Amino acid sequence: MLCEIQQFSLFSGVELPVVLEIFGEYFLQYCLRHGYDKMLKTLGRNFKSFIQNLDSLHALLALTYKNIVAPSFRCETNEDDSLSLHYYTIRPGLYPIVLGLVKAVARDLYNQEAEISVVEKSQEIIAGGKTQEHVHFRVVLTRSDDTKSLVEFRPAFLTDFKISAEQFCNAFPYHIIFDSNLKIKQSGMMIQRLLRIPLIDRHMCDIFELIHPQMQMVVINLRMFINAVFMLKVILPTKNQITHQTTERNGDMPSLILKGQMMWLDDIQHMIFISSPRLSSLTELMEMNVYLADIPLYDVTRELVLLNQQRIAEIDIAKRLDETTMELRKTSKALEEEKKKTESLLYQMLPERVAVELKNGRPVPAACPAIDIVNMLNDLYNRFDACTTVHGVYKVETIGDAYMIVSGVPVKTTAHAQLVANFALDMVAEASNVNSPATGKPLQIRVGIHSGPVVAGVVGNKMPRYCLFGDTVNTASRMESHGSAGRIHCSPNSHSHLIQTKDYEFRCRGEVDVKGKGRMMTFFLLGTKDKRLTEPLDEHLDLPIEGANETDAVKVTNHRTSSDVSGSLGKGVSSTCNII
């Protein structure tokens, strides 16, 4: 923050002390707007008591903001009714902020005008070897309406009222009275019970360590910071700690810290320290082996411990809830990723629109009437059947949208590969003349061709069928399923037969992983020298073109069909065609 203020000073050309003073006034407004208004307005009855209690406010804030380095303030009334404000800090050069803060506090909280000036600045070395800056201000307060301040309240006391030391020690179980030489003269009942050692005339520094404010523990310093919150740490092990260490062998027991207020007893020239154990949770209570019963009923430490314990429990629940929420978010993110993978796989199996309808539990509307599909297949198969007569191939079967033909059986021929290839070329051409009833676009079929031996014969008596068996039929089916729409996919056997005729052209597809066959060198049949297919615009247009090839088995399909071609008798060689 200071670096930003310095940069602003350099950029604007305004001197740094002036910027710091303006920042001091703004800082009070910032605190009032962000939830500290009630705390600040109830801190003191008047300006002096407000300043006197700033240290206690800083001590409270230190419980929340662990790294806070708060300054210290002390206020005295001068003979001319002005105030002497003493400002102590280990961060030198920030005193102009106090100028702005004092003016803003007097104006906004107490309806007064404050005239403040620097009387003296000095530096001193404090405990820990740190340099502390001490700035002495003179503050003159006047009411904005120029009227005199009200007469201060003066309480009444009984002059002959007395209380025994025993009753006083029981009423204030955590008090210590010591003289100007820091010799202990009296201590509360609970301090004696916890320490279990004689304390009368013992030196304070032998028993306690002053941890706040950080300074040497002498009476003159204590009186100088009389308005501060004091914290004394017991440096001797208490009786409870000794017992606890003996039973549980725990050498890292936290020391008892007393937090309270110093008051100078002017009549007897002694200092009294009225305190209570500095505890914030039941865990600390158990670690120090102190009980709630050891804290007086009037001491708010009881309520603070219980409220803080409840707050810790709520924070723990909130933390676990946050951790659970984070885990749920991670799980939800992982689930979303898995859902995307599942949907991607589903969309590969089904059209996206169909898959969405099925996921939502709605029936999938037909793209077109079923009779239109039947009519389309009838038109397509009639065209194919006509081609079988032209090319002299045998139609083996039609299953669904699959169409299978063979050449070389039942009548042997040496030109089986050419007949099947020519039939396949006409099949692709005829299919392009048939439009899909769903899209209105011409059909594109996949054709697979393979040449090889088959076993053929009539199977059955009731509905006898002429069937083909053998690996040639399977390979032709694989050529179709691994082919591409609008193309004729040839196996190396068919390619070998056709290329010998020097009448056919191919694109060399290269090696392809064929299911159940491994890697195979395959080809796309383009046509003959006199008749060539119109190639689809796909990724295979850049493949190299070869001369004529020979095919033996053909398989034709549209986007959602497959076909097999194979044929032979005994050890003969034939070609078959299957369209799906």
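Description of the structure in this document. (Residues numbered from 1 in each chain as written. Predicted model: local features only at pLDDT ≥ 70, side-chain atom pairs only at ≥ 80, totals over all residues. Heavy atoms only, no water.)

Moving on: the sheet that holds strand β10 (residues 270-277). The strands making up a sheet associate through hydrogen bonds between their backbones, and the pairing can be parallel or antiparallel. On the basis of which strands lie adjacent, the open sheet formed by six strands has the order β6-β5-β10-β9-β8-β7 and antiparallel pairing. The sheet is open, and its two borders are formed by β6 (184-187) and β7 (208-212), each paired with just one other strand. Strand-to-strand twist in this sheet, taken as the mean axis angle between neighbours without regard to direction, amounts to 30 degrees. (Pairing = 2+ DSSP bridges. Helix = DSSP H or I, 4+ residues; strand = E, 2+ residues; numbered from the N terminus. Axes fitted to C-alpha atoms, helices over the stretch in contact; angles between N-to-C directions.)

The next subject is a nonpolar patch on the surface. Together, Leu345, Met349, Leu350, Leu358 and Val364 give the surface a local cluster of nonpolar side chains, amounting to about 450 Å² of exposed area. If you trace the backbone, Leu358 turns up in helix α14 (residues 352-359). Look at Leu358 and you get partly exposed, because its relative accessible area is 47%. (Patch = residues over 30% accessible without salt bridge, like charges linked within 9 Å, V, L, I, M, F, W, Y side chains within 5 Å. Areas by Shrake-Rupley, 256 points an atom, 1.4 Å probe, with all protein chains shown as cover. Salt bridge = Lys/Arg side-chain N within 4 Å of Asp/Glu carboxyl O. Buried < 20%, exposed > 50% of the residue type's maximum accessible area, 1.4 Å probe, protein only.)

Quick look at the packing of aromatic side chains now. One pass over the full model with this rule turns up twelve aromatic pairs. The interplanar angle of 40 degrees and the centroid separation of 6.2 Å between the aromatic rings of Tyr26 and Tyr30 together place this pair among those described as tilted. Of this pair, Tyr26 and Tyr30 both sit in helix α2 (residues 16-33), separated by four residues, roughly a single helical turn. A relative accessible area of 43% places Tyr26 in the partly exposed class. Residue placement shows Arg487 over the ring face of Phe524; its charged tip is 5.4 Å from the ring centre. (Phe/Tyr/Trp six-rings, centres within 6.5 Å; stacked < 30°, edge-to-face > 60°. Lys NZ or Arg CZ within 6 Å of the ring centre and 35° of its normal.)

Here we come to helix α6 (residues 95-110). If you check α6, its first and last C-alpha atoms are 22 Å apart, about what 16 residues at 1.5 Å a residue would give, namely 22 Å. By the criterion of burial, α6 is predominantly enclosed, with twelve of the 16 residues buried. Taken together, the buried positions of α6 are Tyr95, Pro96, Ile97, Val98, Leu99, Gly100, Val102, Ala104, Val105, Ala106, Leu109 and Tyr110. The positive-phi residue at the C-terminal boundary of α6 is Asn111, with phi of around 55 degrees. (Expected span 1.5 Å × (residues − 1).)

A word on the packing of helix α13 (residues 301-349) against α14. Close contact between α13 and α14 brings their axes to 8 Å; oriented N to C, the two are set at 120 degrees. In terms of axis orientation, α13 runs oblique to α14. Between α13 and α14 lies a crossing whose hand is right-handed. Where α13 approaches α14, its residues Glu343, Leu346 and Tyr347 are matched on the opposing element by Glu352, Ala355, Val356 and Lys359. (Parallel < 35°, antiparallel > 145°, perpendicular 65-115°, else oblique. Left-handed = near helix turned anticlockwise from the far one by under 90°. Contact = heavy atoms within 4.5 Å.)

Attention now goes to the sheet that holds strand β17 (residues 488-490). Sheet architecture is open: five strands sit in the order β13-β17-β19-β18-β20, paired in mixed fashion. Each having just a single partner strand, β13 (447-449) and β20 (545-546) make up the two edges of the open sheet. In this sheet, β20 lies alongside strand β18 (residues 504-514) in antiparallel orientation, the contact comprising two bridges. Pairing of Phe506 across the sheet is with Glu546, part of β20.

To continue, consider the nonpolar core. Counting residues in each nonpolar core, the largest one holds 36 residues, and the members touching the most others are Ile176, Phe178, Met204, Phe208, Leu222 and Phe230. Only β5 (175-179), α8 (189-195), α9 (204-207), β7, α10 (219-224), β8 (230-234), β9 (257-265) and β10 provide two or more residues apiece to this core. Looking at which element gives the most residues to this core, the answer is α8, with four residues. Those residues in contact with Phe208 that sit more than four places away from it in its chain are Ile176, Ile184, Leu195, Met217, Leu232, Lys233, Val234, Ile235 and Leu258. Counting residues in hydrophobic clusters, the runner-up holds 35 residues, among them Ile5, Tyr95, Ala106 and Ile116. (Core = buried A, V, L, I, M, F, W, Y, C linked by side-chain atoms within 4.5 Å.)

Locating Thr522 in the fold gives a position in strand β19 (residues 518-528). Among the residues examined, Thr522 registers a relative accessible area of 0% and is labelled buried. Every residue in contact with Thr522, bar those within four places of it in the chain, is listed here: Met479, His489, Cys490, Cys508, Arg509, Gly510 and Val512.

Cis peptide bonds are those with omega within 30 degrees of zero, and the linkage from His212 to Pro213 qualifies with -5 degrees. Along the chain, Pro213 falls in the loop between β7 and α10. Here Val409 and Pro410 are connected by a cis peptide whose omega angle stands at -5 degrees. Note on placement: Pro410 falls in the loop between β12 (402-407) and α16 (416-431). Phi at Asp201 is positive, roughly 70 degrees, even though this residue is not glycine. Counting through the fold element by element, Asp201 comes out in the loop between α8 and α9. Positive phi outside glycine occurs at Gln269, with the angle close to 55 degrees. Relative to the helices and strands, Gln269 resides in the loop between β9 and β10.

Moving on: the packing of helix α15 (residues 370-391) against α16. Working note: a packed helix pair is described by the angle between its axes plus the distance between those axes. Direction vectors running N to C along α15 and α16 enclose 150 degrees, while the axes themselves pass 10 Å from each other. By the angle between their directions, the pair α15 and α16 is classed as roughly antiparallel. Seen along the crossing, α15 lies across α16 with a hand that is right-handed. On α16, the residues that touch Leu380, Arg383, Phe384, Cys387, Thr388 and His391 of α15 are Leu419, Asn422, Phe423, Asp426, Met427, Glu430 and Ala431. Across the contact of α15 with α16, the residue classes tally to seven nonpolar, three polar and three charged. (Nonpolar A, V, L, I, M, F, W, Y, C, P; charged D, E, K, R; others polar.)

Looking at where Ile295 falls in the secondary structure, it is placed in the loop between α12 (282-287) and α13. Taking relative accessible area as the criterion, Ile295 reaches 1% and is therefore assigned buried. For the pair Ile295 and Pro173, spaced 122 residues apart in the sequence, the C-alpha separation amounts to 8.3 Å. Other than its neighbours up to four places away in sequence, Ile295 contacts Tyr174, Leu279, Leu285, Thr301 and Arg302.

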